[in-house]
Amino acid sequence: MTERRTWLLTTPIYYVNDVPHVGHAYTTIAADTLTRARRLQGKDAFLLTGTDEHGQNIERIAREKGVPTQQYCDQIAAVFRQLWDRLDIRYDRFIRTTEELHVRGVLKLWDRLTRAKCPDGRDAIYKGTYGGWYCPRCEAFKDEDELRQPGNLCSIHERPCEWTEEENFFFRLSAYEAWLRDEIVSGRLRIDPDARRNEVLGIIDQGLKDFSVSRARVKWGIPVPQRPDHVLYVWFDALSNYITALGYADDGALYKKYWASDGAERCHLIGKDILRFHCLYWPALLQAAGVPPPNREYVQGWITKEGKKLSKTTGNVIDPQALVERYGPDPVRYFLLREGTYGQDWDFTDQAFVGRYNSDLANDLGNLVSRALTMVQRYRDGRVPPRGARVDVFEPVKVLASYEALDFAGALSLLWAAVSKLNQRIVAHAPWEMAKDPEKAPQLDSLLYDLLEGVRLISLLVRPVMPGAAERIFRMLGLPAREPGPDDLAWGRLEPGSALGAIEPLFPRIEKAADPAAKETTVSDTSPPVPDRIDIADFAKVELRAALVTAAEKVEGSKKLVKLQVDLGTEKRQVVAGIAESHAPETLVGKKVVLVANLKPAKLMGVESNGMVLAASIDGKAVLCTFDGDVPPGAKVK
Ligand code: MSP
């Protein structure tokens, strides 16, 4: 059931003055998650992202690095794309402002504007002289009251602005005040959260100034056809990407479908620093040019570290590449969207990351999935049991509504409440006890089916945030890898009798000793204690070794026990193992088994045993642990 209306979401296009930091990753992950959630609802959704490559700042940095500007842009744009791939971002189009299609689109928009009239009948574009405080890093002139004194500092970059005067082209923004106010008040242009909407209305109330749309001193940009020694203002160039990427230059199919069609929803996801450009300049420019303006702006807050904004300029950055290398894409996506309240600023700490990972992912979700699946493997031979009663744990519609409102933390907390309820149900019903009583088979079927369905629905709804983990869970449930849709959201889609896949580990715990980020934390791990888990240090106490069986005979008077002579490379041992019912002694000779080598000696039926052989017990039958490759006797197993 796909809706007729199309839905386009854009991220800001990122400056290529440096490699991406976690704030950029946050924005793009939020956009990807929202887009995936909309698709799950059946929307025809399109995600656009890209890089902002023109302007004085980029020209300067490339020069400083001694690399031709285009080559420099190519390198950094590639780093952005690689990071998005690594983070499982599924964009539909990656636009670069140095692309020919973009340049043609910008020039078309410029051409329309130069011929446009404002609501008051005057020309939308005019020539004038501009003088102002210019921050080359923001690529923007600053109002006097925006400067930090002394020194006329840019309040964002804390560097001096330059007084700049030049003759250039202006856009008559002042003529669009009433129109812009009406767009916003009527809700035709919706700005979220409300505080940001009020901020924009406040700016309009103070009166809008015209802004210059060309630059005299910049070379790296799109030349103004009427004055080829000028380039178009980098923000005009950059904002245009939202339509040029769709093929505005040639009235392309994507442009028609996702931007210009009647039902098209045109949404931008932006940071609070670029509010003015997106909520005032951009809608007014489009209105003047006769192109439909956007419908919606989602404004996000800042990630901070120790209360300070992360920025390339202050050098206070968190490297998303390092995070994803260390933890994989899903935990990074999960943490960024779970930890803060979207739209507000929040502080990133390594300690919170490790805490959330261990408690939410390794414990809560990881345990639920592994317990539910293991029980079905064990008690129902790995097949989905017959459907029974549904016990409600949550409503998918509410989770989807939270996503739609960009309340990612809210959506995830609804899901985690469901995870805990299911974990509690396992404990309360003790399926391992039910399994002992054949009379309880129907109840056990019903419980296991509902648990599996719970796992399926949770993974389906967590998928927009953690696509990789969700796919793994689907594989474990024996479900095909395909893009899910609204029909999958109904309870009971798992087919009784179908086989589950192999159980895979989902989120191995981060151990403090093994993880540099965890070590950095001075305060102890914030995750609650887990009684049924051991520390890596506990595990390290067990000495496991490869042992070659050199001789085997039954222990007299015992049905189960077999006496083995094993070779550990540096020593020979005698071990007694309870595997005689499933292994004839002669079949054991020559096998390499896993031995607990540091077990205290014990006597079994009067025979001394120096160690223990590892085996699984399936319905009372022993299945030995062996190796899938050749190992020398005595090799350590860990
Ligand atoms: N190139 C312009 C945007 C042009 S859009 C037509 C630009 N680029 S940027 O690379 O500096 O930043 C883009 C966006 O990254 C910000 O608007 C914001 O969404 C996001 N963030 C940058 N730093 C951030 C944080 N510390 N925290 C959260 N988001 C941050 O501006």
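Everything that follows concerns the structure shown earlier in this document.
For the structure given in this document, a descriptive report is provided here. Quick caveat: nothing in here was measured; it's all calculated off a predicted structure. (Residues numbered from 1 in each chain as written. Predicted model: local features only at pLDDT ≥ 70, side-chain atom pairs only at ≥ 80, totals over all residues. Heavy atoms only, no water.)

Attention now moves to the side chain of Thr-164. Along the chain, Thr-164 turns up in strand S9 (residues 162-171). Looking at Thr-164, the relative accessible area reads 3%, which means it is buried. A polar contact of 3.0 Å, which involves the side chain of Thr-164, links it to the backbone oxygen of Glu-162. Other than its neighbours up to four places away in sequence, Thr-164 contacts Tyr-130, Gly-131, Gly-132, Tyr-134, Phe-141 and Arg-217. (Helix = DSSP H or I, 4+ residues; strand = E, 2+ residues; numbered from the N terminus. Buried < 20%, exposed > 50% of the residue type's maximum accessible area, 1.4 Å probe, protein only. Polar contact = N/O pair within 3.5 Å; in protein donor to acceptor, adjacent residues only side chain to side chain. Contact = heavy atoms within 4.5 Å.)

Summed over all chains, the structure comprises 44 salt bridges. Two residues, Lys-257 and Asp-44, come together in a salt bridge whose shortest N-O distance is 2.9 Å. With Lys-257 in helix H9 (residues 253-260) and Asp-44 in strand S3 (residues 44-52), this pair connects stretches of sequence that are 213 residues apart. What makes Lys-257 partly exposed here is its relative accessible area of 37%. What emerges from the salt-bridge pattern is a single network uniting Arg-5, Lys-43 and Glu-265. (Salt bridge = Lys/Arg side-chain N within 4 Å of Asp/Glu carboxyl O.)

Moving on to helix H6 (residues 194-205). Between its first and last C-alpha atoms H6 spans 16 Å; for 12 residues at 1.5 Å apiece the expected length is 16 Å, and the two agree. Listed as buried for H6 are Arg-196, Val-200, Leu-201, Ile-203 and Ile-204. In a view along the axis of H6, the buried residues occupy a sector of 155°, so they form one face of it. Exposed and facing more than 90 degrees away from the buried side of H6 are Asp-194, Ala-195 and Asp-205. Residues of H6 that are buried sit in contact with helix H5 (177-186), strand S10 (190-192), helix H10 (275-289) and strand S16 (296-300). Looking at the residues trailing H6, positive phi occurs at Gly-207, about 95°. (Expected span 1.5 Å × (residues − 1). Arc of directions from axis to C-beta.)

This part takes up the environment of Glu-297. The topology assignment puts Glu-297 in strand S16. Along the backbone, Glu-297 and Gly-307 are 10 residues apart, and their C-alpha atoms lie at a distance of 25 Å. Beyond its immediate stretch of four places on either side in the chain, Glu-297 contacts Leu-189, Arg-190, Ile-191, Asp-192, His-268, Ile-270, His-278 and Cys-279.

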